[in-house]
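If you want the building blocks of each chain, they are given just below.
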Amino acid sequence: MASETGAGRVLPERVTMGLLPYLNAHALDEDYEQAAARRARSGVEHVRRVGRGGALMLAVFAVLAITAAVQTSRNSTTDESERQSLIAQLKERTATVAVERHTISALTASNARLEASLLRSSADSSGVFANLNLLGLRSGITPAHGPGVQVTVDDAVNAPSDRNKVLDTDMQKLVNGLWQAGAEAISINGERLTALSPIRHAGSAITVNFTSLRRPYVILAIGNPDTLPSRFANTSSGQAWLDLQQQVGLRFAMRTESSMSLPGADVPDLRFVTSMQNPPNGKGIG
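This one's a predicted model, so the numbers in the text were calculated from it and none came from an experiment.

Turning our attention to unusual backbone geometry. In this chain, R215 is followed by P216 through a cis amide linkage whose omega measures -10°. With respect to the secondary-structure elements, P216 resides in the loop between β8 (211-212) and β9 (217-222). Residue N158 is not a glycine yet carries a positive backbone phi of 50°. Along the polypeptide, N158 turns up in the loop between β3 (144-154) and α4 (168-180). With relative accessibility at 70%, the residue N158 sits in the exposed group.

Put into structure tokens, the structure is as follows:
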């Protein structure tokens, strides 16, 4: 603190207070002031550095986000294009299959009309037509309708082993027994049996006509319902199935039906042709 003299002159505080009291009063204040000034300058510089670093990080993040968004958009466009292409191919092939099925149906109907017209124009049409129906029925190509029996077979309850399950050999025995008993047409789970129908075991399923079947197995056999059950029981296959019931627990049930419908099988491919050298009518086959 300064003081005035009589002549109006202002004397410094260190003169009026004395040197030692002045040093004691102001030695630390100036140091504090210098330290505070340094901290203030350092804080401003730190804020500036932090501000520059934050701006740089934000810029890098923005570039990465934009790049990811562009890549995602491109991938999405590519996936959508591929999906639309697959949908278009599926629709095109579905339409092609529908057209081909329609063509097959039309040709089949046309063939049937031509066959009927040819038979009607023949003098022996009644006999030929009857033979044709009989051959179609026995070969399994034409659908069959009539009375018969329904047989349902299945594995043993909680079958502990394969021997307690219905095998392909068991199914073969059952079908052979029904043929022997007088069945005229047979189907298994909707698969019509022909002379070329294989009954095999594939993996864990029985296949008929190369189609996998599911349990239980339902066998429809058209024939005389009054004689089929008893005649089947008297065959060796019927006796074998009776043993399978008693010994390994296979389930077997047969009941008569007054009317059943069996589908026709697909027309088999011709595999072998044999030329008749001396046919009964004396005419060879060219």
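Text resumes after the structure shown.
The next point concerns the side chain of D170. Mapping D170 onto the fold places it in helix α4. A residue is classified by how much of its surface remains accessible, and D170, at 1% relative accessible area, is buried.

Another aspect to go through is the pattern of salt bridges. Here the structure, examined in full by the defined rule, presents six salt bridges. Notably, a salt bridge pairs R251 with D154, separated by 3.3 Å at the nearest N-O pair. Taken together, the residues R251 in strand β10 (residues 251-262) and D154 in strand β3 connect sequence positions 97 residues apart. Here R251 falls in the partly exposed class, since its relative accessible area comes to 36%. Residue classification places D154 among the buried residues on the basis of a relative accessible area of 11%. Salt bridges here are not isolated pairs; linked through shared partners, they connect D154, D155, R215 and R251.

Our next topic: the packing of aromatic side chains. Inspection of the entire model under this criterion finds two aromatic pairs. Centre to centre, the rings of W241 and F252 are 5.6 Å apart; their planes meet at 40°, and the pair counts as tilted. With W241 in helix α6 (residues 236-248) and F252 in strand β10, this pair connects stretches of sequence that are 11 residues apart. When its relative accessible area of 1% is taken as the criterion, W241 is described as buried. A connected cluster of aromatic rings, assembled from ring pairs, spans F232, W241 and F252.

Quick look at the nonpolar core now. Of all hydrophobic cores here, the largest spans 26 residues; its most connected members are M171, I188 and I219. Those elements that provide at least two residues to this core are β3, α4, β4 (185-188), β7 (205-208), β9, α5 (228-233) and α6. Here this core gets four residues from one element, more than from any other, and that element is α4. Excluding anything up to four places from it in sequence, I219 contacts V149, Q150, V151, V153, M171, L174, L178, I186, S187 and I188. A185, L220, I222 and L262 belong to the second-largest nonpolar core, a separate cluster that totals six residues.

Rules used throughout
- Residues numbered from 1 in each chain as written.
- Predicted model: local features only at pLDDT ≥ 70, side-chain atom pairs only at ≥ 80, totals over all residues.
- Heavy atoms only, no water.
- Helix = DSSP H or I, 4+ residues; strand = E, 2+ residues; numbered from the N terminus.
- Buried < 20%, exposed > 50% of the residue type's maximum accessible area, 1.4 Å probe, protein only.
- Salt bridge = Lys/Arg side-chain N within 4 Å of Asp/Glu carboxyl O.
- Phe/Tyr/Trp six-rings, centres within 6.5 Å; stacked < 30°, edge-to-face > 60°.
- Core = buried A, V, L, I, M, F, W, Y, C linked by side-chain atoms within 4.5 Å.
- Contact = heavy atoms within 4.5 Å.

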